[in-house]
Amino acid sequence: MLSDFPYPIPEHGSEPYWAACNDRRLVMQRCDACRKFRWQPTPLCTFCADENFTWATLSGRGKISTWTVVTHPVHPAAIDRVPYVVVEVELDEQTGLRMLSNLVDVNPAAIKADARVAVTFTEHQSGQMLPVFRLTDV
Amino acid sequence: MDSISDQACIVGIGHTEYSKDSGRSELKLACEAIGAAIEDAGLSPADIDGITKYTMDNNDAVDISRSLGIPHLRFFSEVAYGGGGGPLGTILLAAMAVVTGQANAVVAFRAMNERSGRGTSRFGQASTAAGAAGTASYAAPYGLFSPAQMVALAAQRHMHLYGTESKHFAEIALACRHHANLNPDATMYGRPMTLEDHQNSRMISTPLRLLDCCLETDGGAAVIVTKADRAQDLRQPPVYIASGGLGGGPWNHRFMVRDIESPATEATIIAERLFPDAGITHADIDVLFIYDHFTPLVLMALEEFGFCKRGEGKDFVGGGRLRWPDGELPLNTSGGNLSEGYIHGMQNTIEAVRQLRGTARCQVADTKHAFVSAGNAVPTSAMILRGAR
Ligand SMILES: [Zn+2]
């Protein structure tokens with residue numbers, strides 16, 4: 001029986017993302033040409049196809065664009081965790097810059113779209129730190 | 001040749017029974033469905049010289065040709081993205097092959113033991129691998145695995161933006177179940193559903209309930225495509241492929257988590273050409289076959305393929321519009337993925353052909369045009385079929 005969800009396998013292109021998480025920093029590629037951020041590493045800029053970028057640290061603040069409270073476990077590690085909340089967060093840095101995560105320490109009934117959230121980090125059983133979010137007032 | 005409009009026809013349809021455990025191999029299911037389609041067309045295996053398949057299908061084209069006694073295979077290919085590219089993409093590929101003269105008669109099929117798990121693993125279950133790579137590495141560590149969970153995120157967003165409610169999603173499930181109860185071959189035949197049943201069904205991942213999700217099924221389904229001029233003297237009235245298309249975009253990268261505000265989606269991309277290519281408008285469609293993996297995605301497909309505006313799906317699906325015989329636009333008249341059987345959408349096309357031949361159980365009067373779409377939220381495919389009558 002697996003006691004945790006799958007750990008992320010850092011790959012060529014995503015290693016700096018996961019390494020920064022272990023340093024408790026949320027980073028994303030920021031295009032050197034058009035200055036836009038992108039989530040999930042890509043070799044070229046999604047917006048202008050430029051290949052030059054810098055790993056930039058984000059504020060980790062944003063708002064909930066959508067969420068789901070998972071109540072039916074489809075993975076062995078989910079059995080003891082349901083209900084848990086998967087959230088899509090739109091980060092303050094850029095309109096439409098959205099990432100998937102968990103919303104933790106929350107009463108599912110209290111979740112609303114556009115609610116403010118802030119990143120925090122939680123340790124996966126593998127030792128890898130994962131960015132997750134909490135509701136916040138600011 | 002600007003499009004393949006009306007140059008190819010579906011001339012044969014066949015399927016196995018739809019069950020929870022077929023008790024036989026996926027190859028056997030494929031051969032039975034294809035054999036039935038060849039028989040329906042009044043052809044013999046020697047007349048078939050092409051096979052198109054879903055990339056996800058475990059069956060091998062050459063295994064099928066050997067098993068069925070197809071002596072000369074001149075065309076074989078496959079289409080990606082499961083229930084998105086597969087259902088109409090394989091048929092479109094078959095049509096392109098016969099129209100260009102690469103083949104004479106091509107079979108498009110899907111066969112799987114998806115429910116029993118004998119050969120194909122159940123789509124609703126998560127992989128139990130210890131690590132996740134690629135796009136899954138950004139989802140699986142958070143317990144986001146199944147299509148249902150991903151679709152739930154989009155459904156919640158739709159509810160927030162447009163005021164859509166669970167009862168609107170229910171309309172789709174209710175229409176499909178209504179039709180399944182008129183179809184003795186349907187898995188859910190004899191099991192009527194009420195709005196209350198839907199609202200009381202188990203929550204899977206908010207706002208998605210069990211009765212918003214399609215069935216899991218063992219079975220096979222196939223169609224035979226040939227050139228329009230050859231179709232004229234075969235056993236069945238030909239059903240013309242008026243237009244067909246594939247669609248996808250860069251936003252499809254996030255699994256099935258949709259950006260529902262995106263002006264372009266896999267559906268809008270297809271719709272842009274599908275109707276002009278067929279020379280008709282939405283008002284000319286007599287019967288609808290929208291891929292029903294999850295009810296919210298059917299509602300979004302109706303909006304994005306242009307049957308109503310974005311955000312208006314909740315009103316469009318009401319008032320019995322989708323139910324035969326009184327509704328003006330009956331949906332998935334044999335019960336669909338939700339209530340007939342889940343052969344990854346192929347069974348919806350078979351029912352569309354029946355409607356255009358005039359042999360459906362829930363026969364819509366004077367059907368001339370059927371709209372058939374495949375699974376959205378992934379790169380997808382769609383087709384407008386035209387009856388000979
Ligand atoms: Zn750029």
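Predicted model only: the values in this text are computed from it and were never measured.

Draft legend 1. Up close: the pairing of strand E2 (residues 27-31) of chain A. All names here are of chain A. A large share of E2 lies buried, amounting to four of its five residues. One ladder, built from five bridges, connects E2 with strand E4 (residues 53-57); its direction is antiparallel. Its bridge partner lying in E4, Met28 is registered against Ala56. Here E2 pairs with strand E3 (residues 37-38) via two bridges, running antiparallel.

Draft legend 2. Region of interest: the interface of chain A and chain B. The partner chain B presents 38 residues to the 36 residues of chain A that form the contact. For the chain A and chain B pair, buried surface summed over both sides reaches about 3,300 Å², with 57% attributable to carbon and sulfur atoms. On the surface where chain A and chain B come into contact, there are two salt bridges. With a shortest N-O distance of 3.9 Å, Asp259(B) and Arg98(A) are connected by a salt bridge. Elements supplying a minimum of two residues to the side of chain A that touches chain B: strand E1 (7-8), helix H1 (15-22), strand E5 (61-70), strand E6 (84-91), strand E7 (98-103) and strand E9 (129-135) of chain A. Here the side of chain A that touches chain B is composed, by residue class, of 22 nonpolar, ten polar and four charged. Sheet topology places E1(A) next to strand E5 (residues 131-132) of chain B; two bridges connect them, and they run parallel. If you follow Pro8(A) over to E5(B), its bridge partner there is Ala132(B).

Draft legend 3. Main features of helix H12 (residues 346-357) of chain B. Residue and element names in this part refer to chain B. Given a rise of 1.5 Å per residue, twelve residues ought to cover 16 Å, and the 17 Å separating the end C-alpha atoms of H12 matches this to within 8%. With twelve of its twelve residues buried, H12 lies for the most part within the structure. Taken together, the buried positions of H12 are Met346, Gln347, Asn348, Thr349, Ile350, Glu351, Ala352, Val353, Arg354, Gln355, Leu356 and Arg357. Once H12 finishes, Gly358 follows within two positions and takes phi at roughly 85°, a positive value.

Conventions adopted
Residues numbered from 1 in each chain as written. Chains lettered and ligands numbered in written order. Predicted model: local features only at pLDDT ≥ 70, side-chain atom pairs only at ≥ 80, totals over all residues. Heavy atoms only, no water. Buried < 20%, exposed > 50% of the residue type's maximum accessible area, 1.4 Å probe, protein only. Helix = DSSP H or I, 4+ residues; strand = E, 2+ residues; numbered from the N terminus. Pairing = 2+ DSSP bridges. Contact = heavy atoms within 4.5 Å. Buried area = accessible area lost by both parts, 1.4 Å probe. Salt bridge = Lys/Arg side-chain N within 4 Å of Asp/Glu carboxyl O. Nonpolar A, V, L, I, M, F, W, Y, C, P; charged D, E, K, R; others polar. Expected span 1.5 Å × (residues − 1).

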